[in-house]
Amino acid sequence: MFETSINEAKKLLSKTDDRAHDINHARRVSENAVSIGKRLDHKNIELLELCGWWHDVGRTIRDAGHEKISAEMLYKDLIKRQKDIKLSKSAYDAIVFHRWDMSPQTLEGKIIRDADKLDFISIERWQACIEHGQFKHLRDMKTLLDQLPDLLKLDVSVEIYLKKIIMFKKSRLIDLVK
Ligand SMILES: [Fe+2]
Ligand SMILES: [Fe+2]
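Just so you know, these numbers come straight off a predicted model, no measurement behind them. (Residues numbered from 1 in each chain as written. Chains lettered and ligands numbered in written order. Predicted model: local features only at pLDDT ≥ 70, side-chain atom pairs only at ≥ 80, totals over all residues.)

A. Main features of the overall build of the protein. Per the secondary structure count, the protein includes 10 helices and zero strands. Along the protein, helices (α) and strands (β) appear in the sequence α-α-α-α-α-α-α-α-α-α when read from the amino end. Since a compact globule built from 178 residues should have a radius of gyration of about 16 Å, the 15 Å found for the protein is in line with a globular shape. Overall, the C-alpha framework of the protein stretches about 50 × 35 × 25 Å when taken along its three principal axes. Relative to its full complement of 178 residues, the protein shows a buried share of 38%. Sequence separation of at least 24 residues holds for 60% of the intrachain contacts in the protein that already meet a minimum separation of 6. (Helix = DSSP H or I, 4+ residues; strand = E, 2+ residues; numbered from the N terminus. Rg over C-alpha atoms; globule rule 2.2 N^0.38 Å. Buried ≥ 20, exposed ≤ 12 C-beta atoms within 10 Å, placed from the backbone. Contact = placed C-beta atoms within 7 Å.)

Okay, structure coming up:
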């Protein structure tokens, strides 16, 4: 249903060198959003998949305020593809408040935000950043790590966190970031 729009997000993300917010991060957030959505019997899994792919595309323009930029870019992309306004607005709402200190107003918004925060403990993400000497975002994530379960909005996200954190701790990647 959203294949061409997802391809557009992939194309834009393929240009970034920011390993914490690249195409692989977008893919994982999209996968996390789909698994949260499935556990909640969400009626539009494809929309969640799409929003996961687009949530950080705004960073290709600028980091500060990228949540709103991403939301606007996706909204415009969907309208351009003749998707209806209500659906395009839900996609906008699902992305616009995804920062850790923001509170999304819709269920889809909570799902995307939690899916994104769950990537704080992605081994793949930490390894990619360390390999490329990109420590800034890892340091930011490290300072928030203890609060992470409390930051998540949905109980199912906490369940996923509890499973993922075991492997993440075992990896000891955190010790490599000062
Ligand atoms: Fe973001
Ligand atoms: Fe993100």
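B. Region of the structure containing helix α6 (residues 107-117). In terms of burial, α6 is a largely internal element, 10 of the 11 residues being buried. Looking only at α6, the buried set comprises Glu108, Gly109, Lys110, Ile111, Ile112, Arg113, Asp114, Ala115, Asp116 and Lys117. Considering only its buried residues, α6 is in contact with α2 (23-39), α3 (45-54), α5 (85-96), α9 (148-151) and α10 (155-171).

C. A look at the environment of Asp93. Along the chain, Asp93 falls in helix α5. Among the residues examined, Asp93 registers 19 C-beta atoms within 10 Å and is labelled partly exposed. Considered as a pair, Asp93 and Lys80 are 13 residues apart in the sequence and their alpha carbons are 18 Å apart. Once residues lying within four places of it in the same chain are set aside, the contact partners of Asp93 are Gln105, Thr106, Glu108 and Gly109.

D. Representation of unusual backbone geometry within the structure. The backbone phi angle of Gln82 is positive, close to 60°, even though this residue is not glycine. For Arg172, which is not glycine, the phi torsion reads 55° and is therefore positive. Looking at where Arg172 falls in the secondary structure, it is placed in the segment after α10.

E. Structural context of helix α4 (residues 66-80). Taking 1.5 Å per residue, 15 residues should reach 21 Å; α4 reaches 21 Å between its end C-alpha atoms and fits that length. Looking at α4, one finds that the buried residues are His66, Glu67, Ile69, Ser70, Ala71, Met73, Leu74, Tyr75, Asp77 and Leu78. Next to the buried residues of α4 lie α1 (3-13), α3 and α5. (Expected span 1.5 Å × (residues − 1).)

F. Inspection of the nonpolar core at higher detail. Counting 37 residues, the largest nonpolar core has Ala33, Cys51, Trp54, Leu74, Ala91 and Ile95 as its most contacted members. Those elements giving two or more residues to this core turn out to be α1, α2, α3, α4, α5, α6, α7 (123-131) and α8 (136-144). Not counting chain neighbours up to four residues away, the residues in contact with Ala33 comprise Leu48, Glu49, Cys51, Gly52, Ile111, Ile112 and Ala115. (Core = buried A, V, L, I, M, F, W, Y, C linked by C-beta atoms within 7 Å.)

G. Local environment of the packing of α4 against α5. Between α4 and α5, the shortest axis-to-axis distance is 8 Å and the interhelical angle comes to 165°. As summarised for this structure, α4 and α5 are arranged roughly antiparallel, according to the angle between their axes. You can see that α4 and α5 cross each other, and the crossing is right-handed. Listed contacts from α5 to Glu67, Lys68, Ser70, Ala71, Leu74, Tyr75, Leu78 and Ile79 of α4 are Leu87, Ser88, Ala91, Tyr92, Ile95 and Val96. (Axes fitted to C-alpha atoms, helices over the stretch in contact; angles between N-to-C directions. Parallel < 35°, antiparallel > 145°, perpendicular 65-115°, else oblique. Left-handed = near helix turned anticlockwise from the far one by under 90°.)

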